[in-house]
Amino acid sequence: QVQLVESGGGLVQAGGSLRLSCAASGRYAMGWFRQAPGKEREFVGSISWSGVYTNYADSVKGRFAISRDNTKNTVYLQMNSLKSEDTAVYYCAADLKGRYTDREMEYEYWGQGTQVTVSS
């Protein structure tokens, strides 16, 4: 059974930074997604199981960075220059087939989500 636990969410002012963590029960290709109130869940970024390859949504490129520590089976989402439109519940997800895709349907397991609120 794959388990994913996010942490690190909170309230931050616009322009600030926040780092989310996702502790997994194993080593998988991982994705980060977010869902704002009244909107569909959207892709944020992903990382291969090795950490060599990453992929980002255009809306966060240059501001967000995904990394991982495979000794801890933990993936991180570093969010800088935060904007009010980044406010959402953030989810990490595991792709057991190792594709680190941007397609939500390809991820088999999901964390419970962590709230990020950016005040303007």
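All values derive from a computational prediction rather than experimental measurement.

### Section: the pairing of strand β11 (residues 114-119)
Turning to step 1, where the next piece is worked out: Side chains of β11 alternate between two faces, with Thr 114, Val 116 and Val 118 buried and Gln 115, Thr 117 and Ser 119 left unburied.
Turning to step 2, where the next piece is worked out: Bridging between strand β9 (residues 88-95) and β11 involves three bridges; their strand directions are antiparallel. Bridge pairing links Tyr 90 to Thr 114 in β11.

### A closer look at the packing of aromatic side chains
Turning to step 1, where the next piece is worked out: For the coordinates displayed, the defined rule picks out six aromatic pairs.
Turning to step 2, where the next piece is worked out: Between the aromatic rings of Phe 33 and Phe 43, the centroid separation amounts to 5.6 Å while the plane-to-plane angle is 70 degrees, which identifies the pairing as edge-to-face. Of this pair, Phe 33 sits in strand β4 (residues 29-35) while Phe 43 sits in strand β5 (residues 42-47), and the two are ten residues apart along the sequence. Taken as a pair, Phe 33 and Phe 43 share a single burial class, namely buried.
Turning to step 3, where the next piece is worked out: An angle of 55 degrees between the planes, with centres 5.0 Å apart, marks the rings of Phe 33 and Trp 110 as tilted. Of this pair, Phe 33 sits in strand β4 while Trp 110 sits in strand β10 (residues 109-110); the two residues are 77 residues apart in sequence, bridging distant segments of the chain.
Turning to step 4, where the next piece is worked out: With a relative accessible area of 26%, Trp 110 lands in the partly exposed category.
Turning to step 5, where the next piece is worked out: Put simply, the rings of Phe 33, Phe 43, Tyr 91, Tyr 107 and Trp 110 touch in pairs and so form one group of aromatic residues.

Thresholds, definitions, all that
- Residues numbered from 1 in each chain as written.
- Predicted model: local features only at pLDDT ≥ 70, side-chain atom pairs only at ≥ 80, totals over all residues.
- Heavy atoms only, no water.
- Buried < 20%, exposed > 50% of the residue type's maximum accessible area, 1.4 Å probe, protein only.
- Helix = DSSP H or I, 4+ residues; strand = E, 2+ residues; numbered from the N terminus.
- Pairing = 2+ DSSP bridges.
- Phe/Tyr/Trp six-rings, centres within 6.5 Å; stacked < 30°, edge-to-face > 60°.

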